[in-house]
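Read off the chains here:
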Amino acid sequence: MSLTKAEWLALEKKAYELRTLCLDTTSWAGSGHIGGGMSCMDLLTVLYHKYLHLRVDEPNWPDRDRFVLSKGHAGIAYAPVLCDYGFNDPEMLKTFNLSGSKMGIHLDANKVVGVDASTGSLGHGLPMALGMALAARVQGKDYKTYVLLGDGECDEGSNWEAAMAASNFKATNLISFVDRNGCMIDGKTEDVMKLEPFADKWAAFGMEVRSIDGNNIKEICDAIDEALANESDKPFMIILNTVKGEGIDFMEGDYTWHYGAINEEKYADAKASLEKHYQKRLARVEKEAE
Ligand SMILES: Cc1ncc(C[n+]2csc(CCOP(=O)(O)OP(=O)(O)O)c2C)c(N)n1
């Protein structure tokens, strides 16, 4: 399923549109977790527009692929993806995190269509996703389960228990990602709680690990293709080396943009930056596409 140039360009366009919608949602809400939303938008775009088998008119289709956003605070990025996909009315984004809205800052699986697991309390997504993967095996179903963790989230011990269990049970129908943006809520991960040697740790827990540029759509597709073709008995873990705030220059790499407020001036600067970022991305496709 190698990525064609036309597909790559279409995914870049979609990622740009979704980043813009995430910025708009932050602006309508007044504030939000925009830094960690922007870092994972390339993965969300690739999953929803290339890999996940879903039915927009049958959201609970039992054979659908599952996705768990374990870093649930990135709901501000996930909600635009689910509305744009057709699962929810895009008008809902204008109520994101406002009183009375069905769209809280952490998306609720009982209120937002397309959400497989309610998350927000960190450290629970990998255990839940493993359960979904093992359920597929018990039920004789072919669906895959994908899960996205934050790197700061990996401070939670439950992730490591789940990794140990995933490899013990040879859950090769589970494909995991960590958004390794190097930042957490109040600092750099390596200053708050060292994670390195991060890839070695997942490997030591029995996972097949790849470490890629998580803001490069081609690299993401190549890694998922490899995970889907995996013939070993180890579950796949893909470390996405990303930039917090990717696409908005004044947020990039700055953990203080973990959660931030957007006024009119910042909105205009952010929009201009996203446009420049998109042009750079298009230039990269021209240079690197086969
Ligand atoms: C159990 C739990 N403890 C604390 C929090 C508060 N919290 C929200 S986001 C966050 C930091 C997460 O960092 P990371 O996983 O690196 O997120 P990213 O940088 O990708 O946004 C924290 C501590 C929480 N949501 N859940």
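Heads up: these notes are all about the structure in this document. Quantities reported herein were computed from a predicted structural model and do not represent experimental measurements.

### Considering the nonpolar core
With 61 residues, the main nonpolar core has Leu47, Phe67, Phe177, Ile224 and Ile238 as its most contacted residues. Ranked by size, the runner-up nonpolar core spans 26 residues in total, among them Ala136, Leu149, Met207 and Ile239.

### A look at the packing of aromatic side chains
The tally for this structure, following the rule as stated, stands at 11 aromatic pairs. Here the aromatic rings of Tyr16 and Tyr278 are separated by 4.4 Å at their centres, their planes lie at 5 degrees, and the arrangement is stacked. Of the two residues, Tyr16 is situated in helix α1 (residues 5-29) and Tyr278 in helix α10 (residues 264-288); the sequence distance between them amounts to 262 residues. We classify Tyr16 as partly exposed; its relative accessible area is 23%. Centroid distance Tyr146 to Phe177: 6.5 Å. Interplanar angle 15 degrees. Geometry classified as stacked. Here Tyr146, found in strand β3 (residues 145-150), pairs with Phe177, found in strand β4 (residues 174-180); they are 31 residues apart in sequence, far enough to count as distant. Residue classification places Tyr146 among the buried residues on the basis of a relative accessible area of 1%. Classification of Phe177 as buried rests on a relative accessible area of 0%.

### Examining the pattern of salt bridges
Evaluated as defined, the whole model comprises 20 salt bridges. We note a salt bridge from Lys14 to Asp84, for which the minimum N-O separation is 3.1 Å. Taken together, the positions of Lys14 in helix α1 and Asp84 in helix α4 (residues 75-85) put the pair 70 residues apart, joining distant regions of the chain. By relative accessible area, Asp84 is classed as partly exposed at 31%. Among the ionic pairs, Asp222 bridges to Lys218, the shortest N-O distance being 3.0 Å. Of this pair, Asp222 and Lys218 both sit in helix α9 (residues 217-228), 4 residues apart, which is roughly one turn of the helix. Note on Asp222: relative accessible area 34%, which makes it partly exposed.

### Thoughts on empty space enclosed by the protein
With a probe scaled to a water molecule rolled over the atoms, the places where space remains empty come into view. Tallying each qualifying case throughout the model produces 1 cavity of 30 Å³ or more. One number sums up the size of the largest cavity: a volume of about 40 Å³. Together, Tyr48, Leu52, Leu54, Pro59, Arg64, Asp65, Arg66, Phe67, Phe87, Gly114 and Asp116 line the largest cavity. By residue class, the composition of the lining of the largest cavity is 6 nonpolar, 1 polar and 4 charged.

### Describing the side chain of Asn181
For Asn181, the location among the structural elements is in the loop between β4 and α7 (189-192). What makes Asn181 buried here is its relative accessible area of 10%. In terms of polar contacts, Asn181 uses its side chain to reach the backbone amide nitrogen of Cys183, at 3.0 Å. Ignoring sequence-local partners within four residues, the contact set of Asn181 consists of Gly36, Ser39, Lys71, Asp151, Thr242, Val243 and Lys244.

### Details of the pairing of β3
Among the 6 residues in β3, 6 count as buried, and that is most of the element. Here β3 shows two buried faces, one formed by Thr145, Val147 and Leu149 and the other by Tyr146, Leu148 and Gly150. The pairing of strand β2 (residues 66-69) with β3 spans 4 bridges and is parallel. Note that in β3 the partner of Arg66 across the bridge is Thr145. Both β3 and β4 contribute to a ladder of 6 bridges, which runs parallel. Residue pairing in the sheet places Leu148 in a bridge with Phe177 of β4. Handedness of the β3-helix α6 (residues 157-168)-β4 crossover: right-handed.

### Side note on the site of the ligand
Taken together, 17 residues sit near the ligand, with His73, Gly120, Asp151, Gly152 and Lys244 positioned nearest. Taking Lys71, its side chain carries an N or O atom lying 2.9 Å from an oxygen atom of the ligand. Take Gly152: an N or O atom from its main chain is 2.8 Å from an oxygen atom of the ligand. Comparing atom positions with the cavity grids shows the ligand to sit within the largest pocket. Broken down by class, the residue content of the shell around the ligand amounts to 4 nonpolar, 8 polar and 5 charged.

Cut-offs used in this document
- Residues numbered from 1 in each chain as written.
- Predicted model: local features only at pLDDT ≥ 70, side-chain atom pairs only at ≥ 80, totals over all residues.
- Heavy atoms only, no water.
- Core = buried A, V, L, I, M, F, W, Y, C linked by side-chain atoms within 4.5 Å.
- Buried < 20%, exposed > 50% of the residue type's maximum accessible area, 1.4 Å probe, protein only.
- Phe/Tyr/Trp six-rings, centres within 6.5 Å; stacked < 30°, edge-to-face > 60°.
- Helix = DSSP H or I, 4+ residues; strand = E, 2+ residues; numbered from the N terminus.
- Salt bridge = Lys/Arg side-chain N within 4 Å of Asp/Glu carboxyl O.
- 1 Å grid on protein atoms, 1.4 Å probe; cavity = no way out; pocket = protein on both sides within 12 Å on 5 of 7 lines; lining within 4 Å.
- Points joined across faces, edges and corners; volume = space filled by probe spheres on them.
- Nonpolar A, V, L, I, M, F, W, Y, C, P; charged D, E, K, R; others polar.
- Polar contact = N/O pair within 3.5 Å; in protein donor to acceptor, adjacent residues only side chain to side chain.
- Contact = heavy atoms within 4.5 Å.
- Pairing = 2+ DSSP bridges.
- Right-handed = clockwise from strand over helix to strand, strands pointing away.
- Near = heavy atom within 4 Å.
- Sits in = over half its atoms within 2 Å of the grid points.

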